[in-house]
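Examination of the molecular architecture
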Amino acid sequence: MEERIASLKASVLGFVESCALGEVGRYRYSLACSEATLYSSSYAAMARDLLGDLEGLEVGEREEWVAYLNGHQDEEGLYRDPVIFGEGWYEGDPLWCGRSHLTCHVVTALACLGAVAPREFGWLEPWRDVDRMVAWLGERDFGERVGWSGNEIMNVGTLLQYAREFHGDERAGRAVACLLDWLETHQVSAETGVWGSLDVNDPIQRSHMVQAAYHWWPLFAYDGRAFPYAERAAETVLATQNPVGGFGWGVHNPAEPFASSACEDIDSLDPLARLLEQAPGQREEIVAAIQRGAEWVRSNQVADGGFVFVKGRGFEYGHRELRGEEGKGAMFPTWFRLLALAVCDAALGEGGWRFCGCPGMQFWGEG
């Protein structure tokens, strides 16, 4: 185990270093890109921290990295990257992938670096009011775009949890409790343990519902709350595993339907890892699924030491400066697949990874 992680650490850190652009904390997305981006610089901090590699940073280096990230916090408290803002997916600052999504990553990177977002999140004001929160939740799409709603609700919920924990915001705390109460009693099926009105018997639609739920289950986990209908949820997530051990069903690469993406894989592996103790009746099945899934995830590492988003094709994360070429590593899938391996090992009682106490994705246990 230690040998395997040591080998993985060396290869991944070699790839991450190849994406560094000279100044401390500035990273490009892949070797196909030329500019430093906040996403990429956050992925670097989070991946290096998972591997315990930030412990050796000099104080000055740590401060410079933090200053670079915090230099992009805007007046509303969110982080804005001038390289990608207003372009591609990020045009119009959509709630599912705009500044709020980026901010969830930056604050985790800051936590890995031992720092905090200096400004409070004024942007959260509409959601601090519990009545407006309930109305907003009722307006989300739990049908065809449930996956997009997954990101929207997670972004708001994660930043509310962060505001409560790191900014001492009591209203944010009440709002996130309201959000979780609502999710426990609305749109969630007692038969499947997941949210939405898609067909759970269709593998692609089932995957979409699990991908949406993945974004909400960490909100429950961070606050130490059990998942609604955990036994049924475990059954539904287990059913997303495909014949080769991954969790994709042809959405990202129809030519190779079981070449699952980094998102599809962690969106099932993370909940399975967290459900291991909540669904004791399915423990053996969950352990077997995690072990098969982790082996599949490891197979997505390529020669340069990084990981690919999906085998057999390149992937652009909504902007030309966030693109990875076919068969070449990129920062997002490298961090995300590394995180998937970390939560799999943690669930199975194997150490060697470092998690942080920030809400979002890179914590283990309760916050």
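Residues numbered from 1 in each chain as written. Predicted model: local features only at pLDDT ≥ 70, side-chain atom pairs only at ≥ 80, totals over all residues. Heavy atoms only, no water.

Okay, the nonpolar core next. The nonpolar side chains of a soluble globular protein tend to be buried, and buried together. If you look at the biggest cluster of nonpolar residues, it comprises 129 residues, and the most contacted ones within it are Met133 and Trp335. Per-element accounting of this core gives the leading share, twelve residues, to helix α14 (residues 331-347). Setting aside residues up to four positions removed in sequence, Trp335 forms contacts with Tyr43, Met46, Ala47, Leu50, His105, Met361 and Gln362. (Core = buried A, V, L, I, M, F, W, Y, C linked by side-chain atoms within 4.5 Å. Buried < 20%, exposed > 50% of the residue type's maximum accessible area, 1.4 Å probe, protein only. Helix = DSSP H or I, 4+ residues; strand = E, 2+ residues; numbered from the N terminus. Contact = heavy atoms within 4.5 Å.)

It is worth spelling out the state of the cysteines at this point. Summed over the entire model, instances satisfying the criterion amount to zero disulfides. Cys104 supplies the cysteine sulfur nearest to Cys178, a cysteine that is in no disulfide, at a spacing of 18 Å. A disulfide-free cysteine, Cys344 has its sulfur positioned 15 Å from the sulfur of Cys263, the nearest such atom. (Disulfide = S-S within 2.5 Å.)

This part takes up the environment of Glu91. One can find Glu91 in the loop between α3 (59-70) and α4 (99-112). Judged by its relative accessible area of 59%, Glu91 falls in the exposed class. The sequence separation of Glu91 and Arg206 amounts to 115 residues, and the corresponding C-alpha distance is 29 Å.

Looking now at the pattern of salt bridges. Where charged atoms from two side chains of opposite charge approach closely, those side chains can pair. Summed over all chains, the structure comprises 24 salt bridges. Here Glu23 makes a salt bridge to Arg26, at a shortest N to O gap of 3.8 Å. For Arg26, a relative accessible area of 18% gives the class buried. Taken together, the salt bridges that share partners define one network made up of Asp74, Glu76, Arg80, Asp93 and Arg99. (Salt bridge = Lys/Arg side-chain N within 4 Å of Asp/Glu carboxyl O.)

This part is about the side chain of Asp169. Mapped onto the elements of the fold, Asp169 is located in the loop between α7 (146-166) and α8 (170-185). Apart from residues no more than four positions distant in its own chain, Asp169 is found in contact with Arg128, Ala163 and Arg164.

Further remarks concern the packing of α4 against α7. When two helices pack together, their arrangement is given by the angle between the helix axes and by the axis-to-axis distance. For the pair α4 and α7, interaxial distance at closest approach is 9 Å and the crossing angle is 45°. The orientation of α4 relative to α7 falls into the category oblique. For the pair α4 and α7, the sense of crossing is left-handed. Only Asn151, Asn155, Thr158, Leu159 and Tyr162 of α7 make contact with α4, whose side of the interface consists of Ser100, His101, Thr103, Cys104 and Val107. (Axes fitted to C-alpha atoms, helices over the stretch in contact; angles between N-to-C directions. Parallel < 35°, antiparallel > 145°, perpendicular 65-115°, else oblique. Left-handed = near helix turned anticlockwise from the far one by under 90°.)

Here we take up helix α2 (residues 38-50). Along its 13 residues, α2 runs 18 Å from first to last C-alpha, staying within 8% of the 18 Å computed at 1.5 Å per residue. After α2 finishes, the residue Gly52 shows a positive phi value of roughly 70°. (Expected span 1.5 Å × (residues − 1).)

Our next topic: the packing of aromatic side chains. Two aromatic rings are characterised by how far apart their centres lie and by the angle between their planes. On inspection of all chains with the given rule, the structure shows 30 aromatic pairs. Ring plane angle 75° and centroid distance 6.5 Å describe the contact between Trp96 and Trp148, whose orientation is recorded as edge-to-face. On the criterion of sequence distance, the pair formed by Trp96 in the loop between α3 and α4 and Trp148 in helix α7 is long-range, its members being 52 residues apart. Through a chain of ring-to-ring contacts, the aromatic side chains of Tyr39, Tyr43, Trp89, Tyr90, Trp96, Trp148, Phe309, Phe315, Tyr317, Phe332, Trp335 and Phe336 assemble into a single cluster. The ring of Phe85 has Arg80 sitting right over it, with the charged end atom 4.3 Å from the ring centre. Residue placement shows Arg145 over the ring face of Trp148; its charged tip is 4.2 Å from the ring centre. (Phe/Tyr/Trp six-rings, centres within 6.5 Å; stacked < 30°, edge-to-face > 60°. Lys NZ or Arg CZ within 6 Å of the ring centre and 35° of its normal.)

What follows covers the side chain of Arg48. Structurally, the position occupied by Arg48 is in helix α2. Judged by its relative accessible area of 14%, Arg48 falls in the buried class. Excluding anything up to four places from it in sequence, Arg48 contacts Leu13, Val16, Tyr27, Asp53, Leu54, Leu57 and Trp65.

Packing of helix α13 (residues 283-298) against α14 leaves a shortest axis separation of 10 Å and a crossing angle of 155°. In terms of orientation, α13 lies roughly antiparallel with respect to α14. For the pair α13 and α14, the crossing hand works out as left-handed. Between α13 and α14, the residues in contact are Ile290, Ala294, Trp296, Val297 and Arg298 and Arg337, Leu341, Cys344 and Ala347, respectively.

Of note in the backbone geometry, Asp93 takes a positive phi value of approximately 50° without being a glycine. Within the secondary structure layout, Asp93 lies in the loop between α3 and α4. Residues other than glycine seldom take positive phi values, yet Tyr229 does so here, at roughly 50°.

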